[in-house]
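This is what each chain is made of:
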Amino acid sequence: MAKTSRAFVCQACGAVTARWSGKCPSCGEWNSIIEEAAPSGSPALVAIRGGKGRSASGRLGSARLAPLETLAAASIDAPRLPTGIAELDRVLGGGLVPGSAVLVGGDPGIGKSTLLLQAAAKLAETGARVVYLSGEEAPAQVRMRAVRLGLAQAPVALGTETNLANIVATLEAAGPPSLVVIDSVQTLWSEAVEAAPGTISQLRGCASALISHAKGSGSTLVLVGHVTKDGQIAGPKVIEHMVDTVLYFEGLSGHQFRVLRAVKNRFGPTDEIGVFEMRQDGLKEVENPSALFLNDRDRGAPGTAVFAGMEGTRPILVEIQALVAPSLLGTPRRAVVGWDPNRLAMLIAVLEARCGVRLGSYDVYLNVAGGLRLQEPAADLAAAAALVSSLAGQPAPEDMVYFGEVSLTGAVRAVGHMDQRLKEAAKLGFTRATVPATASASDREAKIMRLLPVSQLEELVASFGATSE
Ligand code: TYD
Ligand code: MG
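Predicted model, so just to flag it, every value in this text is computed and none were measured.

Caption draft 1: Broad picture of the site of ligand 1. In the vicinity of ligand 1, 17 residues are found, and the nearest of them are G109, S113, T114, R145 and R279. The separation between an oxygen atom of ligand 1 and a polar main-chain atom of K112 is 2.8 Å. Residue R279 places a main-chain N or O atom 2.7 Å away from a nitrogen atom belonging to ligand 1. If ligand 1 stood free it would expose 560 Å²; the protein chains cover 76% of that surface. Classifying every residue of the shell around ligand 1 by side-chain character gives four nonpolar, seven polar and six charged.

Caption draft 2: Quick look at unusual backbone geometry. The residue after D183, namely S184, is reached through a cis peptide bond having omega 5°. One non-glycine residue, N31, adopts positive backbone phi at about 55°. Along the chain, N31 turns up in the loop between β2 (16-17) and β3 (33-37).

Caption draft 3: View of helix α9 (residues 380-392). With 13 residues, α9 extends 18 Å from end C-alpha to end C-alpha; this agrees with the ideal 18 Å at 1.5 Å per step. Taking burial as the measure, the 13 residues of α9 include 11 buried ones, the bulk of the element. When α9 is considered as a whole, its buried residues turn out to be D380, L381, A382, A383, A384, A385, A386, L387, V388, S389 and S390. Where α9 ends, the next residue or the one after it, G393, has phi of about 65°, a positive value.

Caption draft 4: Spatial organisation of the packing of helix α8 (residues 341-355) against α9. Where α8 contacts α9, the two axes come as close as 11 Å, and the packing angle between them is 65°. α9 is crossed by α8, and the crossing has right-handed handedness. Residue-level inspection shows R343, L344, M346, L347, I348 and L351 of α8 in contact with α9, the latter providing D380, A383, A384, L387 and V388. A class-by-class count of the residues in the contact of α8 with α9 yields nine nonpolar, no polar and two charged.

Caption draft 5: Region of interest: the confidence of the model for the protein chain. When pLDDT is averaged along the protein chain, the result is 85; 86% of the residues meet or exceed 70. A low-confidence stretch, residues 41-59 stays under pLDDT 50, and its non-local contacts, those more than four residues away or across chains, total 13 contacts.

Caption draft 6: Examining the packing of aromatic side chains more closely. Tallying each qualifying case throughout the model produces one aromatic pair. With centroids separated by 5.9 Å and ring planes inclined at 80°, the aromatic side chains of F249 and F276 adopt a geometry described as edge-to-face. Taken as a pair, F249 in strand β9 (residues 245-251) and F276 in strand β11 (residues 273-279) lie far apart in primary sequence, 27 residues in all. Take F249: its relative accessible area is 2%, and that puts it in the buried class. It is R421 that lies over the ring of F403; its NZ or CZ is 5.3 Å from the centre.

Caption draft 7: Local environment of the pattern of salt bridges. For the structure on display, the rule yields 15 salt bridges. When the shortest N-O distance is used, the salt bridge between E137 and R145 registers 2.9 Å. When the shortest N-O distance is used, the salt bridge between R358 and E352 registers 3.9 Å. Accessibility expressed as a relative area gives 22% for E352, which makes it partly exposed. Salt bridges linked by common partners bring R343, D380, E405 and R413 together as one network.

Caption draft 8: Summary view of helix α10 (residues 418-427). All of the buried residues in α10 are M418, R421, L422, E424 and A425. Relative to the axis of α10, the buried residues are bounded by an arc of 165° and lie together on one face. Immediately downstream of α10, the backbone of G429 shows phi near 95°, a positive value.

Caption draft 9: Structural context of the environment of G416. The residue G416 is located in the loop between β19 (412-413) and α10 in this model. With 24 residues separating them along the chain, G416 and S440 place their C-alpha atoms 9.8 Å apart.

Caption draft 10: Examining the side chain of H226 more closely. Along the chain, the position of H226 falls in strand β8 (residues 220-226). At a separation of 3.1 Å, a polar atom in the side chain of H226 contacts the side chain of K112. A polar side-chain atom of H226 sits 2.9 Å from a polar atom in the side chain of E136. Excluding residues that lie within four positions of it along the chain, H226 makes contacts with G106, P108, K112, E136, S184, Q186 and P236.

Caption draft 11: Layout of the sheet that holds strand β1 (residues 6-10). Taken in spatial order, the three strands of this open sheet run β2-β1-β3, and their pairing is antiparallel. The sheet is open, and its two borders are formed by β2 and β3, each paired with just one other strand. With two bridges joining them, β1 and β2 adopt antiparallel strand pairing. Along β2, the bridge assignment pairs F8 with T17.

Reading the values: rules and limits
- Here the residue index of a chain counts from 1 through its sequence in written order.
- Key to labels: chains lettered from A, ligands numbered from 1, both in the order written.
- Predicted model: local features are reported for residues with pLDDT of at least 70 only, side-chain atom pairs are reported and counted for 80 or more only, and whole-chain, interface and lining totals are derived from all residues.
- Side-chain measures were taken over the full set of non-hydrogen atoms in the model, leaving aside hydrogen atoms and water.
- Think of it this way: one heavy atom of a residue within 4 Å of a molecule or strand is enough to make that residue near it.
- A 3.5 Å cut-off defines polar contacts: any pair of N or O atoms within that distance qualifies, except that in protein one atom must be a possible hydrogen donor and the other a possible acceptor, and neighbouring residues in sequence count only when both atoms are side-chain atoms.
- Per-residue and other accessible areas were derived by the Shrake-Rupley procedure at a 1.4 Å probe size, with only the shown protein chains allowed to occlude residues.
- We call Asp, Glu, Lys and Arg charged. Ala, Val, Leu, Ile, Met, Phe, Trp, Tyr, Cys and Pro are nonpolar, and the rest, Gly among them, are polar.
- Here a helix means four or more residues in a row that DSSP labels H or I, a strand means two or more in a row labelled E, and each is numbered from the N terminus.
- The span you would expect from a helix comes to 1.5 Å times its residue count less one.
- Relative accessibility thresholds used throughout: buried, under 20% of the residue-type maximum; exposed, over 50%; partly exposed, between the two (1.4 Å probe, protein chains only).
- Interaxial angle, 0 to 180 degrees, is taken between N-to-C directions of lines fitted to C-alpha atoms, where a helix line uses only the stretch in contact.
- Take the far helix as the reference: if the near one is turned anticlockwise from it by less than a right angle, the crossing is left-handed, and if turned clockwise, right-handed.
- Pairs of residues are marked as contacts when any of their non-hydrogen atoms sit within 4.5 Å.
- pLDDT is a residue-level measure of predictor confidence that goes from 0 to 100.
- Pairing of aromatic rings covers Phe, Tyr and the six-membered ring of Trp, with a centre-to-centre limit of 6.5 Å; geometry is then stacked below 30 degrees between planes, edge-to-face above 60, and tilted otherwise.
- Only Lys NZ and Arg CZ are tested; either one counts as a charge over a ring when it is within 6 Å of the ring centre and within 35 degrees of the ring normal.
- One side-chain nitrogen of Lys or Arg within 4 Å of one carboxyl oxygen of Asp or Glu is enough to make a salt bridge.
- Directions pointing from the helix axis toward each C-beta atom define the arc.
- The criterion for strand pairing is that DSSP finds at least two bridges linking the strands in question.

Dropping the structure here:
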């Protein structure tokens, strides 16, 4: 087979196609496909990609038998290396696991480097050997950050190498460190991979080499990856399957708090969150997230309700605000930010037709706090609560969350992930939840929250004492 075979790789999702096209047939991203050399190191891969089936089977003669074990043999608990940052350790499932690989993703500027420098310094202060390789910032910049964080004296070994071979040589020279931080994985490159730095092939090749090196040496590897929609820099999504743990660091726009979530964890739970506050002197752990969360809310003001939602696989609590005011116009205004206007129109129609709530002569404004965009039908019940609360001038209970889908008949339908929503709400300090009557929570979750089941939207309206004029 000619070694110069080429492939076209989508830089957003990593899909390989035979020819170039403007739009990726796999993920639908535009202008994300670039030409790269087909991987030549793996005959099996080349054979499959070239559609040649088992043509590479001539090599089978030199194969050796792989050892197979029983399930019972490998039941040792993974040892842990706590970072000393409790919120981070909780998300990791008790600390870093030696020989494992962790990917920390997040938008640029969200605070990934800050978090990892703080964790690296804490760990180094306990006597562990920690290597921090920054490919994005000069040593002076990292040092400036360390001074700002009050960590300048921590015995962290700092470097700026981005070449894979040099990194591996450096790590091997002084014996395997306990922790290696690569900031960021998108700056890595290797001559062995025939593709420009920053491409999917480089990202995949370098990450997999470092991961197998970490597994072999017993070091914990932490890779930082920027999540970006810009097709120029390969997204860290394509290496999620290679690592043991994937953490996402995110923040609501305009707020100083940050949430760390595990979206994949081979050594722990994935429904724990770590909450931090970005301050002048770095990230501070937030021990009581509900306090911080409730700070931002208008306590006791009518027209707000807290929705216990899910973002993909992640639970997220968000406040829905509504303002219902008498209209001075012939056609009342309906304005909505962060939610589907059609959904609002439907909800208003259901409130009018099924619950006797007259909104025809009122302007209705609906806003999802924090700049989030809600996609879920489960937000119906919370939006309805905010609307009715505003109309009735009756605030929703402060410790209450809402979720449930409202159908055109006025029935409240069950939604998925009830346990996760309740667990997140309990973690953030809420004690009651208005939920669809048909939904069932596990006993454990039902114990931590007081559930108020509703089967018809009318019951919610009645609980606010809203008058049907
Ligand atoms: P950084 O960790 O560099 O983000 P990332 O590595 O995810 O790109 O953090 C960048 C932002 O954090 C920057 O806008 C400044 C702010 N910041 C603080 O507010 N306080 C601090 O102590 C530090 C170090 C950063
Ligand atoms: Mg950074």
